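Chain residues, written in single-letter form:
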Amino acid sequence: MSVAAPYWPQKYRGERQACGPELTAELLEISDDIDDPVIKLQFLREAIDGQDAYERRVQRVPWAPIRRALFRLHGLRALAPALAQADFESQEIVHYRMLAARARVRRLMGGAVCAALLVMPLLTVAVAWRWNSDPPQPLTAATVTPAALRAAPPGLAAPLAVQPAAQSFPPPPPVAEFLPEELGQAPSEIFRADSGKDWEIYSNGLRVETGFVVRGKQRRYRIGDRQRGLSAEVYNQPVGILFHTSESDLWPLEANYEGRLRQSSTELIKYVQREQAYNYLIDRFGRVYRVVADETRASHAGNSVWAQGEDIYLDLNAAFIGISFESRWQGLKGEPEEGRALPITRAQLIAGRNLTNLLRQRFKIAPEMCVTHGLTSVAPRQFLIGYHRDWATGFPFAAFGLPDQYAQPPASVAVFGFEHDGNFLRAVGKLNPGLITAERMLTTEAQNRGITLDALRQERRALYQRWRDQLRGKRAAASEAPLQQVAVK
Amino acid sequence: MDDRHDFGNEAAGDVSASAYANAATRIGLDVGTSKVVTAQGDSRASQAAAQLNAFIGVTYTKLAEVTLQQNRVPHFRQGDELIVYGSAAERFAHMFNAECRRPMARGILNPQESAATYVLECILSMLVPQAPRKGETLAFSVPAGAGDMESELTYHEETLKHFLRSRGYTPIAVNEGLAVVLAELANESFTGIGISCGGGMCNVALAYLSIPSLTFSIAKGGDFIDSSVGQVVHEPATRIKAIKEDDLDLTRPSEDKVIKALQIYYDKLIQSLVDELYRTVTRSQKLPRTDKPLPIVLAGGTAKPHGFRDRFEEMLLRRQMPFEVGEIRLADDPLTATARGTLVAALAER
């Protein structure tokens, strides 16, 4: 007797998340053997519709072969009602396959239970040993004075005044990303507190995973000055930080997607390692991975320009450390080219801030040298800014204890006469104050010198081209220069 | 509406309940802006029937009414007008060098036409007979919501359901893009992108194992091309439509100003479609993770001209999609693909 399917008005309309890769693989394998499109559709719908809870339950099983066997059995069970009208032979094949799948599940589960029984005594001993060697410390509640936070030196989280609490705190809300603003005591300086084979812990709570780290090419760069031209010295210490988005696939930050979130991050780390794309990657759970060693350069900046005072930096791979957040530059509603960065998670923000503080302290990096890729990236042939647009707008500089870089006139425009086009304008929504100031600076200078703005731009672009050619010519020479010629800035 | 006299059901006479009485056959219905198409049959074979989703008003005279009745032209009287509907409306439009009116616009009931619901029901009556068994499943296509049209879409869908229930069916709504996937991508386990380019809009669905992971529509279609070209070459849209459906080749350069304009506006439509597809897939967090290339199927009357697929492929491949694009192909029969897909959905319901 067949049972009528429950009424589901959105069955063939409402957008839904596709099922997970393991269930998909099993369903595809079964589905490939079905010729009739109607039976195929019945089978797939029977196996997928309303089965989210079952899939979630199976995904909790820690051993992949058991999960796959359970999904296969689930698929075959779903096929049976679809074949109710089919010929006897087909039904019999499915019946035998189902029996085989059931037997396989039993075998695998039996094996897992036996293995668990064997391992359990060892686990118990290990847990008991840890319990005795590491007794839990009592916790005391404390409150924080906001004035102490405001008095903190820039660049580091504030050392906090701690007062005994009159009463205990209510339990924290059950959201992993929640953290009361500016709560807790921070160290006066950041130092490495502990380390292991694949990790380092710093005194500000930052944990850096070092299991993926590779060495890139030596940092070697020169600094430009509008009056004196390019420096003869070659420098090898990072002087800035460039923030990026990874432009990778993102999954919802929900419990159901933990597997996909992990898989996505792992694939991304491997990609970043292979391409030596950034020095650091911060995944959506706030884990910080050092991928390319600090002393060496990653290929993260491309054609780019930034300045600090009179010092002008071109092609920032060597001079800047690249930090990428697992996030994406997204299209805005209305226009294909428009964009904004998806918000980063609270965990990424905290980790990013701690990492920035560590790097700034270690390499004495000025706050105005911490900037986003989108503010520095240029297209040299077209003399346009914003070739890459990750965080061309919307980076939370204030939350990182950094000045608003969107208010700084970018050197690409003010010094080298680059322009923006309509695509860039659509992407950022409106021009940031720094860009407007840079344009005004150029206009004023053109007026003061009695030349047209175009003529001034041509002059500046020629300067950029000259420096770029020089750097390209000399870069090869610098990379062959003996180390004693390399000055440390 | 009291003075309406409907002669459509008797006049059309191209379907009967007995044609659908076979227990193993069901009906899939594509309610498009330009055409209403049905597919009826079982999982092995199906037959399609279509009517133009249009109407035209002619001045009432007794003689005209008798002529229409004698020639079995579906019509009804509304006040001092005779409303001719269905495919016959186009013949009258050509005859009077006038534009057909549409009960639907942008994929849903046309709010500008007061008689829209009644005309659509008349056209549907020509194609959908009374259900052979009470509660028989019938699947019909609905567009994906585009921006601010959710409330109109609900009204459109409920109106159709109300009508189909009145004829004894249990209606289920199927997204138009998904219907293309169901019709054409069975060998790929209903995984891929279905695009239905209709008269009023283009509907897109990215399905994974038949589950619509992403759906959207753009409110541009064949009508947009017809009216835009009509405006620039000063010809009625109905004539442009006829030229378009005759022998348009998008790959061959032409000196003819109508063909030239058609090629320009086709390019504009395809570009809008590709842009929206790119924007939606790059923004979506529901995109399935798959290493396999996703096939794309193009369907609908607007996708029929020779070269449409090539132009689409050319523009799509200029974009860096977040998935690997597999084969891009035209549906076996672009005009009936959506209806055939809804038929698969109807047959799959137990």
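Residues numbered from 1 in each chain as written. Chains lettered and ligands numbered in written order. Predicted model: local features only at pLDDT ≥ 70, side-chain atom pairs only at ≥ 80, totals over all residues. Heavy atoms only, no water.

Trainee: I'd like a description of the overall build of chain A, backed by residues and values.
Mentor: The secondary structure content of chain A amounts to 13 helices and 22 strands. Within chain A, counting contacts between residues at least 6 apart in sequence, those at least 24 apart form 65% of the total. Surface summary for chain A: the accessible area is close to 25800 Å², and the carbon and sulfur share equals 55%. (Helix = DSSP H or I, 4+ residues; strand = E, 2+ residues; numbered from the N terminus. Contact = heavy atoms within 4.5 Å. Areas by Shrake-Rupley, 256 points an atom, 1.4 Å probe, with all protein chains shown as cover.)

Trainee: Pulling in residues and values, what's your account of the sheet that holds strand S19 (residues 370-372) of chain A?
Mentor: Residue and element names in this part refer to chain A. Reading across the sheet, the eight strands line up as S3-S4-S5-S12-S11-S16-S10-S19 and stay open at both edges, with mixed pairing between neighbours. Since the sheet does not close on itself, it has two edges, and those belong to strand S3 (192-195) and S19, each with one partner. Each strand axis lies, on average, 25° off the axis of its neighbour in the sheet, ignoring direction. Sitting on the sheet, helix H8 (residues 346-363) touches strand S4 (199-202), strand S10 (240-245), strand S11 (280-282), strand S12 (288-290), strand S16 (320-325) and S19, and the angle it makes with S16 is about 170°. (Pairing = 2+ DSSP bridges. Axes fitted to C-alpha atoms, helices over the stretch in contact; angles between N-to-C directions.)

Trainee: Got a sec to walk through the interface of chain B and chain A? Specific residues and values, please.
Mentor: Of the residues lining the interface, 41 residues belong to chain B; the matching set on chain A comes to 46 residues. Interface area, chain B with chain A, both sides summed: about 4000 Å², of which 50% is carbon and sulfur. Three residues stand out in chain B for area buried against chain A, namely B:Gln285, B:Arg289 and B:Arg350, and they jointly supply 21% of the buried area on that side. The interface formed by chain B and chain A holds zero salt bridges in total. Along the contact surface separating chain B from chain A lie six residue pairs in polar contact (both at pLDDT 80 or more). Elements with a contribution of two residues or more to the side of chain B that touches chain A: helix H5 (150-166), strand S11 (169-175), helix H6 (176-184), strand S14 (211-218), helix H9 (257-283) and helix H11 (337-348) of chain B. Per element, the largest residue contribution to the side of chain B that touches chain A is five residues, and it comes from S14(B). When its residues are assigned to classes, the side of chain B that touches chain A shows 20 nonpolar, 10 polar and 11 charged. (Buried area = accessible area lost by both parts, 1.4 Å probe. Salt bridge = Lys/Arg side-chain N within 4 Å of Asp/Glu carboxyl O. Polar contact = N/O pair within 3.5 Å; in protein donor to acceptor, adjacent residues only side chain to side chain. Nonpolar A, V, L, I, M, F, W, Y, C, P; charged D, E, K, R; others polar.)

Trainee: I'd like to hear about the pattern of salt bridges, residue by residue, with values.
Mentor: A complete count under the given rule lists 40 salt bridges over all chains for this structure. For the salt bridge of A:Glu459 with A:Arg449, the shortest nitrogen-to-oxygen distance reads 2.7 Å. Here the residue A:Glu459 occupies a position in helix H13 (residues 453-480), and A:Arg449 occupies one in helix H12 (residues 433-449), the gap between them amounting to 10 residues. Residue A:Arg449 is classed as partly exposed on the basis of its relative accessible area, which comes to 41%. Of the charged contacts, one joins B:Arg309 and B:Asp310 as a salt bridge, the two residues approaching to 3.0 Å between their closest N and O atoms. Owing to a relative accessible area of 25%, B:Arg309 belongs among the partly exposed residues under this scheme. Members of the salt-bridge network, linked through shared partners, are A:Arg192, A:Glu200, A:Arg290, A:Asp294 and A:Arg362. (Buried < 20%, exposed > 50% of the residue type's maximum accessible area, 1.4 Å probe, protein only.)

Trainee: Before we move on, can you summarise unusual backbone geometry with the specific residues and values?
Mentor: Notably, A:Phe383 is not glycine yet its phi reads approximately 55°, a positive angle. Take A:Phe383: it is sitting in the loop between strand S20 (378-379) and strand S21 (384-385). Even without glycine at this site, B:His234 takes up a positive phi of about 55°. Tracing the chain through its elements places B:His234 in the loop between helix H7 (222-233) and helix H8 (237-247). The exposed category is assigned to B:His234, whose relative accessible area is 71%.

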